[in-house]
Structure formats: structure tokens, C-alpha cells
Amino acid sequence: MKFKFGLIGHQISYSLSPKIHSEVGHILNQRLAYELLDISKEDLSSYIEKLKKGEFQGFNITKPYKESFFDDIDVLSKVAEETKAVNTIYSKDGKIYGDNTDVFGFSYLLDYYQIDIKDKKVLILGTGGASKACGYVCKHRGANYMYASRDKSKKMDKKVISYDEIYPDDYDIYINATPIGTTPLVEQSVLKPEQVTNQIVIDLIYRPKVTKLMSYAKKSYNGYIMLLAQAIKSDMLWMKRDINIHDVLDKVKEVISYE
């Protein structure tokens, strides 16, 4: 069987997802196709229909639609329900399932780089779907976390402050869950240089490898490992098979280079 998957989002031409999933298919000796689907919000429902009809076997969801599919999903995973964000959908037994593999991906990133966040003071930058996945992991790993946003009215599981209220001495770790600083706006940063002192910076962006925000920090990590881990986890759900994520991730990482 040949599988057909896709990434639904907007302004996503930079994405490495087609290469990643194609390489996973090659490693697993599985025929699959993966498309970038840069669409408007008005077109979202039509892709749910394509999924129901079997034209696609699954979709990843990225900015700005991770919170846009809830009305179309019949069965939410526990993680997706708690985070209120979906990045992976698929059809099973005539129903649409929704999951959040970003949670797995971010947790994998922390383990991969041996970053211990227990009892650490963490500030998550942004209040979108990716930030909710990070908040979920912070909560379950015992971090003292909160969010920063331009919109303090956002309903989150923790307090939301404005960027003007950030005092560097209050935090051990910054997590950038916004798209600010990614290709093509690589000269932008969500924080000012003086707001980054001795914090570890985890930037979920992977293009460029070193964002402007990361350049301000003494120690920083980008989101490439998270990207790989969440992608492989999605493949497991779509293809309904167990995959040794560690082995496959290392093989994909060796093959796919990027700037």
C-alpha cells in the first residue's frame, strides 16, 4: 500500500517535512508521498473530506491551524484534549482522530539534550498550539512555568505576562514557541538582547539553525530534534506500526542536512 500524507498550514514553503517523511518511508521500506498544503482557513473542511474519502491517510497541522480542527475531530487523544491543540489527524473506522505529537517531540528533545526542567523557572514565549505542547511537558515534568504573549487575555493553564514584564533574573529557561525568527524573517527576535542573560534558550525554530534569539544566549538548542521526533511519531499513528524512533531519528538526521 502507498500512503499519502500532507502538512496543512500557511506560508510553509521552508518546511523540511516532505524530506523527513520521505526518508522515514525509505528507511522503513514503505512507499509514501507527503505534500505541503499551503491553504486558507476556508479550505480546511475540504481536506477533512479528502481524509474521510481516503485520498489522504493523514495530515500534520502547523501554523496557524493547530487550534482550528476541533469541530471536525471525532476522537481526541488525552494529550490533544488537554493541550487544546492538534498537529496530527487521521481516519480510523470511519472517524477522524486527532493527536498532538508535538508533546512527544518536545519531551524527546529534552531527553536528547539531557535538559532537566524539574523545579526550573521556565518562560514559554507565545500562546499558540506549540506553546501549549511545551506547557503540557513542563507541567508533567515539574517545572515552574508561565507564558509571555502580546495578548495577555489568552486563556492558558498558567499566568500570561507581556514581554515588557519579563525580568531576566526571574527565569532559568526560555522556550520560544513563536514563529518569530524563522525563515525568511531571520533578523527578528521575540526578545531583546538585554532580556537574555544566563538563561538556556530552547527555540522550536529549526530554520535557521541558530536564530537571532539563540545567538543572544550562552547555551541554546534549536527545534530540529523535536521536528524529527514528532514527525516519526505521526508516522507511527498513520501507518499503525511500531517504529524504533531512536534508530530512525538518527538515520534521518544523518541523511538530511539543512541551513
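Residues numbered from 1 in each chain as written. Predicted model: local features only at pLDDT ≥ 70, side-chain atom pairs only at ≥ 80, totals over all residues. Heavy atoms only, no water.

Student: For this particular structure, what's the right way to read the pattern of salt bridges?
Tutor: Pairs may arise between side chains of opposite charge once their charged atoms sit close together. The full count for this structure, using the stated rule, is nine salt bridges. Salt-bridge contacts for Lys152 lead to Glu165; the nearest nitrogen and oxygen are separated by 3.2 Å. Linking Lys152 in the loop between strand S8 (144-148) and strand S9 (160-161) with Glu165 in the loop between S9 and strand S10 (173-176), this pair joins segments that are 13 residues apart in sequence. We classify Glu165 as partly exposed; its relative accessible area is 32%. Glu187 serves as the salt-bridge partner of Lys212, at 3.0 Å between the closest nitrogen and oxygen. Highlighted residues: Lys212 in helix H6 (residues 212-215) and Glu187 in the loop between S10 and strand S11 (200-203), separated in sequence by 25 residues. (Salt bridge = Lys/Arg side-chain N within 4 Å of Asp/Glu carboxyl O. Helix = DSSP H or I, 4+ residues; strand = E, 2+ residues; numbered from the N terminus. Buried < 20%, exposed > 50% of the residue type's maximum accessible area, 1.4 Å probe, protein only.)

Student: Help me understand the sheet that holds S11, please; the structure alone is not making it clear to me.
Tutor: By way of backbone hydrogen bonds, the strands of a sheet pair with one another, either parallel or antiparallel. Taken in spatial order, the six strands make up an open sheet running S9-S8-S7-S10-S11-S12, and their pairing is parallel. Every interior strand has two partners, whereas the edge strands, S9 and strand S12 (219-221), have only one. As defined by bridge partners, strand S7 (residues 121-125) adjoins S8 across five bridges and the pair is classed as parallel. In the sheet register, Val122 faces S8, and the bridge partner there is Tyr145. Running over the sheet, helix H5 (residues 129-140) touches S7, S8 and S10 and is turned about 165° from S8. (Pairing = 2+ DSSP bridges. Contact = heavy atoms within 4.5 Å. Axes fitted to C-alpha atoms, helices over the stretch in contact; angles between N-to-C directions.)

Student: Teacher, can you tell me more about the pairing of strand S1 (residues 3-9) here?
Tutor: In the case of a regular strand, side chains alternate between the two sheet surfaces. Across the seven residues that make up S1, a large majority, six, are buried. Bridge analysis of S1 against strand S2 (residues 32-38) gives seven bridges, and the strand direction is parallel. Residue pairing for S2: Phe5 is matched across the bridge by Tyr34. A crossover links S1 with its parallel partner S2, the connecting element being helix H1 (residues 17-27), and its sense is right-handed. Inspection of the sheet shows S1 paired to strand S3 (residues 58-61) by four bridges, in the parallel sense. The partner of Phe5 across the bridge, within S3, is Gly58. (Right-handed = clockwise from strand over helix to strand, strands pointing away.)

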